[in-house]
Amino acid sequence: MASTRPSPVDGVRPPATADDLRQWETPYADALDRHAAREQIPLMVPGHGGDGLGLSARLAEFLGERPLQLDVPMLMDDIDLGEDSPLSRSLDLAAEAWGARRTWFLTGGASQGNRIAALAVRGLGTNILSQRSAHSSFSDGVLSAGLVPSFVLPSIDTDHGVAHGVSPAALDDALVAAAADGRPADAVYIVSPSYFGSVADVAGLARVAHAHGAPLIVDGAWGPHFGFHPDLPESPARLGADLVVSSTHKLGGSLTQSAMLHLGHGPFADALEPLVERAVSITASTSTSALLQASLDIARHSLATGAELIGRSIVAADAFRDALRDDPRFGVLSDGFGAFDDIVAVDPLRVAIDVSSAGVSGHWLRQRLADTDGIFFEMSTATSLVALIGAGTTPDLQRAHRALAAAVDSEEAQTHRSRVADHGFPALPDPGALRMSPRDAFFADTELVPAADAVGRISADTLAAYPPGIPNLIPGEEITAQTVAFLRAVAGSPSGYVRGAADPGVEQFRVTRLG
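The rules behind each value
Residues numbered from 1 in each chain as written. Predicted model: local features only at pLDDT ≥ 70, side-chain atom pairs only at ≥ 80, totals over all residues. Heavy atoms only, no water. UniProt positions renumbered as here; feature names shortened; annotations may be inferred. Pairing = 2+ DSSP bridges. Helix = DSSP H or I, 4+ residues; strand = E, 2+ residues; numbered from the N terminus. Contact = heavy atoms within 4.5 Å. Axes fitted to C-alpha atoms, helices over the stretch in contact; angles between N-to-C directions. Core = buried A, V, L, I, M, F, W, Y, C linked by side-chain atoms within 4.5 Å. Buried < 20%, exposed > 50% of the residue type's maximum accessible area, 1.4 Å probe, protein only. Polar contact = N/O pair within 3.5 Å; in protein donor to acceptor, adjacent residues only side chain to side chain. Domains from an automatic or database assignment. Salt bridge = Lys/Arg side-chain N within 4 Å of Asp/Glu carboxyl O.

By the naming in an unreviewed UniProt entry, the chain goes by Arginine/lysine/ornithine decarboxylase and is assigned to Leifsonia aquatica. Listed in UniProt under the heading Cofactor (unreviewed entry), the comment for the chain reads: "pyridoxal 5'-phosphate". Taken directly from UniProt, the Sequence similarities (unreviewed entry) text for the chain runs: "Belongs to the Orn/Lys/Arg decarboxylase class-I family."

Next comes the structure, spelled out in structure tokens:
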């Protein structure tokens, strides 16, 4: 499936390009440079003093003095104070680059962005319709905000235990059902791209959500590079998304834990902007890292002016996929994405490798490559490995292919064969009825009960079986016999585990005492 770029919505600026001279600027990073160049006696935080003296000597030896010099506190003239500060100019450039009305820099990662989004849309109402495979940080936001969720299931590749996305038709059906159930959605939350690089029809999803009177939140954590090359999918903010959570550090080149939140130009922008601003203020540190913010400023510049380098990354990833297709031991998962109606494009910088023909577990293979070859894949399932190529990077993918082949042909691999064929689990269970709000259930008086006694009780925890990583229980939902059987089957498998369980074998469940 090709990486297509749907047309931007009307009224949204086209992508920033290297021809836009403003995108070559890095106002915030330059301001830190100027500050570090001054002769100064800092009688303020941070306590390391910006040099390698005294107690900071070991830290300076570890990092070098330069990071200490740039590690300045908040509320500094000519850095982040004032309406036209270097920080505000950097934020404006980021909004322009991703096609947003406004952008916020986040130093708590996309997890902070998900919590902000949940808190913000609570100002529009209590009901949220969410893709069931939402990240746990969004579930945390639902709890914190007191939202009442209903769900739409993503499509599932049962052969590989992979959750993809949601089609506009599926979203429309779910919104109609939520309204008929007396809980019309005040906001919608979907995930695109997926962990495996599948891209949903964001423009179509936005049209459906808006037709039902709800803004669309897109967890675009894995697509911060979208929109910066003709062969990449478009930025969700240009396709009608109202809020976009973007984990810039994942593929965009900023430092770990740095991210952005983009506000779109849609019909909910006026209502959402002050709500987001307030949610940012209660989730952000009052000692925000200047180093992380500078890395976001520089990453934006690099993406907006780096189309040629990004193109080289895409060429390298395409060559890697071709080599895997020519090798009978491996396959490429995205070659089968055409079977799923929710997938309209593929991120070319994500290479999901099917290892089932090699007869080894993807989990074993990932660990073996890390231990033996120093090659670290992003993630694994029982039948796959996912390689992530950062935008503008060109890792040695030929070496990675050779190491993959050597690993599956090794004597060690012979002792790990045959289990992949038996990786099947029971059918994915339907969610139980929501009998309490997630917030009330989470904070309720709870107890641990044996699995057999949990049926019919109300869960106080979020439990998600991997594969495929979809929450099977959230706080407030009734625990069903089907869900208990599924979770215990996954926990007992050599290739699965249950996140959030009270014990590895899911022998006990945390339930509310009342209900």
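## Description of the sheet that holds strand β11 (residues 331-332)
Sheet strands pair by backbone hydrogen bonding; their relative direction is either parallel or antiparallel. Strand order in the open sheet formed by four strands is β11-β13-β15-β14, and the pairing between neighbours is antiparallel. Edge positions in the sheet fall to β11 and β14 (379-380), since each has one partner strand and no second. Where β11 and strand β13 (residues 350-354) come together, two bridges link them in antiparallel fashion. The residue bridging glycine 331 from the neighbouring strand is aspartate 354, located in β13. Here helix α13 (residues 362-373) sits on the sheet in contact with β14 and β15 (384-388), set at roughly 45° to β15.

## Observations concerning the nonpolar core
What tends to happen in soluble globular proteins is that the nonpolar side chains get buried as a cluster. Membership of the largest hydrophobic core comes to 83 residues, with the highest contact counts inside it found for Ile128, Phe320, Ile353, Leu365, Leu369 and Leu404. With residues up to four places along the chain from it excluded, the contact list for phenylalanine 320 reads Val351, Ile353, Ala387, Leu397, Ala400, His401 and Leu404. Ranked by size, the runner-up nonpolar core spans 25 residues in total, among them Val188, Ala203, Leu205 and Ala237.

## Re the sheet that holds strand β19 (residues 497-499)
Judged by pairing direction, the sheet is antiparallel, and its three strands sit side by side in the order β18-β17-β19 without closing on themselves. Each having just a single partner strand, β18 (470-473) and β19 make up the two edges of the open sheet. Pairwise comparison of adjacent strand axes, ignoring direction, gives a mean angle of 40° for this sheet. Bridge analysis of strand β17 (residues 463-466) against β18 gives three bridges, and the strand direction is antiparallel. The partner of leucine 463 across the bridge, within β18, is leucine 473.

## Observations regarding the side chain of serine 380
Within the secondary structure, serine 380 sits in strand β14. Judged by its relative accessible area of 14%, serine 380 falls in the buried class. Polar side-chain contacts of serine 380 include one of 2.8 Å to the side chain of histidine 363. The contacts of serine 380, once residues within four sequence positions are left out, are Gly362, His363, Arg366 and Leu385.

## Comments concerning the pairing of β15
Among the five residues that make up β15, four are buried, leaving the element largely enclosed by the rest of the structure. Inspection of the sheet shows β13 paired to β15 by five bridges, in the antiparallel sense. Residue pairing for β15: alanine 352 is matched across the bridge by valine 386. Pairing of β14 with β15 involves two bridges; the strand directions are antiparallel. Residue pairing in the sheet places methionine 379 in a bridge with valine 386 of β15. Between β14 and β15, which pair antiparallel and follow one another directly, the connecting turn spans three residues.

## Observations regarding the domain arrangement of the chain
Here the domain parsing of the chain yields domain 1 (307-418) and domain 2 (438-512). Each of domain 1 and domain 2 has a C-alpha centre, and these two points are 32 Å apart.

## Concerning the pattern of salt bridges
If the charged atoms of two oppositely charged side chains come close together, the side chains can form a pair. This model, assessed by the stated rule, comprises 24 salt bridges. Among the ionic pairs, aspartate 84 bridges to arginine 89, the shortest N-O distance being 3.6 Å. On the basis of relative accessibility, which here comes to 55%, the residue aspartate 84 falls in the exposed class. Of the charged contacts, one joins aspartate 461 and arginine 510 as a salt bridge, the two residues approaching to 3.1 Å between their closest N and O atoms. Taken as a pair, aspartate 461 in the loop between α17 (451-454) and β17 and arginine 510 in strand β20 (residues 508-512) lie far apart in primary sequence, 49 residues in all. Classification of arginine 510 as partly exposed rests on a relative accessible area of 31%. One network of salt bridges, with partners in common, ties together Arg101, Arg102, Asp270, Glu273 and Glu277.

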